[in-house]
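Now for the letters of each chain:
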Amino acid sequence: MISFFWNLLFFVIALGILVAVHEWGHFIVARLCKVKVHRFSVGFGKVLFSRTDRQGTEFVLSAIPLGGYVQMLDSRAENVPQDQLSSAFDQKPVGQRMAIIAAGPLINLLFAVFALCLMYMIGVEKVKPVIGEILPNSAATSSNIPIGGEIISIGGKSTSDWNQVNLEMISHIGRSAMNVMIKQPDSSFEKNYTINLTGWNFDANNQSVMASLGIVPFRPAISNTIGLIQEGGAAEKYGLQVGDSITALNGSPVTWDSLVEFVQANPNKMIEVAYVRDGESMLQDVLIGTRVHDGNIVGHLGILGTQAPWPENMVIKRQLSVIDALAQGVAETWRLTGLSFALIGKLLTGDLSINTLSGPISIAQGAGASASYGLVYFLSFLALVSVNLGVINLLPLPVLDGGHLMYFLVEWVKGSPVPEQIQQLGYRLGAAVVLMIMVIAVFNDLGRI
């Protein structure tokens, strides 16, 4: 329950920031074009806070934080006095109207640059992408990729950490092969490996893109000392505590991996747990709980082991100057933008399943998780979502900014507006498509819970 409210809190914070940024883009360019703005609203529904400035614009914070809007003077929607027509949105030249609409998505991209720049100025620790395991009978197995090797580039794009590896692998969905440059274990020698992607099936609901190719990142060993206990789990119910070191199950010594394997294979069974607490050996009978994993019921104790520290040579601390951080922010935003458009294309061609779409539940979970790791990770999350918000709004679907831009572009080419009947039909179709995508995304979210 605590995690639910934590996720909800940072979902509201993240969405509020991104919506405010998006609408501010429309607002500031409208002001520059001398369009009268009636209301700048973050959220919908009941007004919680309101303030009116000297130019008559009402700034509003509303109760439902699922969007926002900028209401401008428009003679198509209201009776505008003759002396105010020059301040109406619809009376402005088509170029100015296009600039006002495009400003929302574009400011989201600029905000991503800002967030990433700030992240790198603060400093972020990242882990080198060293391979810890190759899963048997996988694409990586047949390519003879070495365990312990460091992935330094994919498809010619540099990969200094696992996040970049993940993005570059995703960009190869739908292709027949992927070239991976790997720095050999305990050597500076670099070698290129080609992974055959024919028949590659990536199910985002059940596995990561790396696991689907058979690549498991290196992680320090996990000991049997309990580092975290799940609230309401079997371990908590039977009195196990953080710091207890489990030595045996049913009299048999265990490592962390064998402990996990044994517990998962014995749901709803009573077992004897031997452990050490403050130097004293103790025994406790525990009824193993259950959870669903990959559609199967498995045993669950509700504990996490303690991970050993990362080797110093594998952790990179990146703290950049303002200029370097800005350059890095621009480069990463450009890459994320290109990847977002590419993934939308893969969805349309069928190379990427609609099951990969994420909705508000996944975004809330991502917001809460990133915030729990610290400010720099939350900034990275904001940048990613801001890019996606900007890209999605640029799609040529009526009801989205891109749809308005499409109509204005036609008007600019032919010299007259698109007929009102056609615009209204487009808005209805666009709204239906957007609603359908939202429903699919929510169902995907519910399936991942």
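These remarks concern the structure in this document. (Residues numbered from 1 in each chain as written. Predicted model: local features only at pLDDT ≥ 70, side-chain atom pairs only at ≥ 80, totals over all residues. Heavy atoms only, no water.)

## Overview of the overall build of the chain
What counts is decided by this rule: Numbering of helices and strands starts at the N terminus; helices are DSSP runs of H or I of at least 4 residues and strands are runs of E of at least 2. To sort residues, take the accessible area from a 1.4 Å probe on protein chains only and compare it with the maximum for the residue type: under 20% means buried, over 50% means exposed, and anything in between is partly exposed. Residue contacts are counted whenever heavy atoms from the two residues lie within 4.5 Å of one another. All accessible areas in this document rest on Shrake-Rupley with a 1.4 Å probe, and a residue is counted as covered only by the protein chains that are shown. Charged residues are defined narrowly, with Lys and Arg counted positive, Asp and Glu counted negative, and His plus the chain ends left uncounted. The location of each charge is read from NZ of Lys, CZ of Arg, CG of Asp or CD of Glu.
When helices and strands are counted, the chain shows 12 helices and 18 strands. When its C-alpha atoms are laid out on the principal axes, the chain stretches across 90 × 50 × 45 Å. With 449 residues in all, the chain has 41% of them scored as buried. The long-range fraction of contacts in the chain, counting pairs at least 24 apart against all pairs at least 6 apart in sequence, stands at 61%. For the chain, the accessible area works out to roughly 24100 Å², and carbon and sulfur atoms hold 61% of it. Here the chain carries 28 positive and 33 negative side-chain charges, and the mean point of each set is 10 Å from the other.

## A look at the packing of aromatic side chains
Selection criterion: In this scheme Phe, Tyr and Trp rings, the latter by its six-membered ring, pair at centre separations within 6.5 Å, and the angle between planes marks the pair as stacked below 30 degrees, edge-to-face above 60, and tilted otherwise.
Tallying each qualifying case throughout the model produces 12 aromatic pairs. Ring geometry for Phe 10 versus Phe 378: centroids 5.6 Å apart, planes at 75 degrees, classification edge-to-face. One end of the pair, Phe 10, is in helix H1 (residues 2-32); the other, Phe 378, is in helix H10 (residues 375-393), and 368 residues separate them in sequence. Relative accessible area serves as the criterion here: at 8%, Phe 378 is assigned to the buried category. Judged by centre distance (5.5 Å) and plane angle (75 degrees), the rings of Phe 27 and Phe 59 are edge-to-face. Placement of Phe 27 in helix H1 and of Phe 59 in strand E2 (residues 58-72) is noted, with a sequence separation of 32 residues between them. One aromatic cluster is present, formed by Trp 6, Phe 10, Phe 378 and Phe 381 through successive ring pairs.

## A short note on the packing of helix H8 (residues 322-349) against H10
What counts here: The axes are straight lines fitted to the C-alpha atoms, using for helices just the contacting stretch, and the angles between their N-to-C directions are given from 0 to 180°. Should an angle fall under 35 degrees it is called roughly parallel, over 145 degrees roughly antiparallel, and 65 to 115 degrees roughly perpendicular, with every other angle called oblique. Helix crossings get a hand from a simple test, with the near helix turned counterclockwise from the far one by less than a right angle marking a left-handed crossing and a clockwise turn marking a right-handed one. Amino acids are sorted into nonpolar (Ala, Val, Leu, Ile, Met, Phe, Trp, Tyr, Cys and Pro), charged (Asp, Glu, Lys and Arg) and polar (every other residue, Gly among them).
Viewed as axis vectors pointing N to C, H8 and H10 meet at an angle of 50 degrees, and their least axial separation amounts to 10 Å. As the angle between them shows, H8 and H10 are arranged oblique. With respect to the hand of their crossing, H8 and H10 are arranged in right-handed fashion. Mapping the contact onto sequence places Thr 333, Leu 336, Thr 337, Ser 340, Phe 341 and Ile 344 in H8 and Leu 384, Val 387, Asn 388 and Val 391 in H10. Considered class by class, the residues forming the contact of H8 with H10 number six nonpolar, four polar and no charged.

## Points about the side chain of Ser 153
Structurally, Ser 153 can be placed in strand E5 (residues 150-154). Non-local contacts of Ser 153, meaning those with residues more than four positions away in its chain, are made with Ser 158, Thr 159, Asn 179, Val 180 and Met 181.

## Focus on the pattern of salt bridges
Short version of the rule: A carboxyl oxygen of Asp or Glu within 4 Å of a side-chain nitrogen of Lys or Arg is what we treat as a salt bridge.
Summed over the entire model, instances satisfying the criterion amount to seven salt bridges. For Arg 39, the salt bridge is made with Glu 58, and the minimal N-O distance between the two is 3.0 Å. Note that Arg 39 is positioned in strand E1 (residues 37-52) and Glu 58 in strand E2, a separation of 19 residues in sequence. The partner of Asp 74 in a salt bridge is Arg 76, and the shortest N-O contact between them spans 2.6 Å. For Asp 74, a relative accessible area of 10% puts it in the buried group.

## Things to note about the pairing of strand E3 (residues 124-127)
Where a strand is regular, its side chains alternate between the two sheet faces. Quick reminder of the rule: Strand pairing is defined by DSSP finding a minimum of two bridges between the two strands.
Residues Val 124 and Lys 126 point to one face of E3 and are all buried, whereas Glu 125 and Val 127, pointing to the other face, are not buried. Note: E3 against strand E18 (residues 315-318), four bridges, orientation antiparallel. The partner of Val 127 across the bridge, within E18, is Val 315.

## Let's talk about the packing of helix H9 (residues 360-373) against H10
How two helices pack is summed up by the angle between their axes together with the distance between the axes. One can describe the packing of H9 onto H10 by two numbers: an axis separation of 5 Å at closest approach and a directional angle of 150 degrees. In terms of orientation, H9 and H10 fall into the roughly antiparallel class. In this structure, H9 meets H10 at a crossing whose hand is right-handed. Note on element contacts: H10 touches H9 through Tyr 377, Phe 378 and Phe 381, opposite Ile 363, Gly 366, Ala 367, Ser 370, Ala 371 and Tyr 373. Here the residues of the contact of H9 with H10 are counted per class, giving seven nonpolar, two polar and no charged.

## A short note on H8
As a reminder of what qualifies: Expected helix span is computed as 1.5 Å times (number of residues minus one).
Taking 1.5 Å of rise per residue, 28 residues should cover 40 Å, and H8 covers 40 Å from first to last C-alpha, within 8% of that figure. For H8, every residue scored as buried is listed here: Ala 325, Gln 328, Gly 329, Glu 332, Thr 333, Leu 336, Thr 337, Leu 339, Ser 340, Ile 344 and Lys 346. Considering only its buried residues, H8 is in contact with helix H2 (94-122), E3, helix H4 (162-170), E18 and H10. Just downstream of H8, Gly 350 is the residue with a positive phi angle, here 90 degrees.

## Observations regarding a nonpolar patch on the surface
The cut-off we apply is this: Two distance rules govern patches: like charges are joined within 9 Å, and nonpolar side chains (Val, Leu, Ile, Met, Phe, Trp, Tyr) within 5 Å, applied only to residues with over 30% relative accessible area and no salt bridge.
A contiguous nonpolar surface patch, about 460 Å² in accessible area, is contributed by Leu 435, Val 439, Val 442, Phe 443 and Leu 446. Along the chain, Val 439 turns up in helix H12 (residues 420-448).

## Things to note about the sheet that holds E5
What the four strands build is an open sheet, ordered E6-E5-E7-E8; its pairing is antiparallel. Two strands close off the open sheet at either side, each with one partner strand: strand E6 (157-158) and strand E8 (190-196). Of the pairings in the sheet, the one linking E5 to strand E7 (residues 177-183) comprises four bridges and is antiparallel in character. Each bridged residue has a counterpart across the sheet, and for Ser 153 the counterpart in E7 is Met 181. Strands in contact with H4 are E5, E6 and E7; relative to E5, the strand with the most contacts, it is inclined by about 45 degrees.

## A word on the side chain of Ser 370
Put simply, the test is: We call two N or O atoms a polar contact when they sit within 3.5 Å, provided that within protein one can donate a hydrogen and the other can accept it, with sequence-adjacent residues counted only if both atoms are side-chain atoms.
Its location among the elements puts Ser 370 in helix H9. Residue class for Ser 370 comes out buried when judged on its relative accessible area of 8%. Of the polar contacts made by the side chain of Ser 370, one reaches the backbone oxygen of Gly 366; its length is 2.9 Å. Every residue in contact with Ser 370, bar those within four places of it in the chain, is listed here: Tyr 377, Phe 378 and Phe 381.

## A short note on the nonpolar core
Worth spelling out the cut-off: Put simply, a nonpolar core is a bunch of buried Ala, Val, Leu, Ile, Met, Phe, Trp, Tyr and Cys residues held in one set by side-chain atoms that sit within 4.5 Å of each other.
Counting residues in each nonpolar core, the largest one holds 32 residues, and the members touching the most others are Phe 111, Met 119, Phe 378, Phe 381, Leu 382 and Val 387. Breaking this core down by element, the ones donating at least two residues are H1, H2, H8, H9 and H10. In this structure, Leu 382 is in contact with Ala 14, Ile 17, Leu 18 and Phe 111, ignoring residues within four places of it in sequence. Ranked by size, the runner-up nonpolar core spans 23 residues in total, among them Ala 140, Ile 182, Ile 195 and Met 210.

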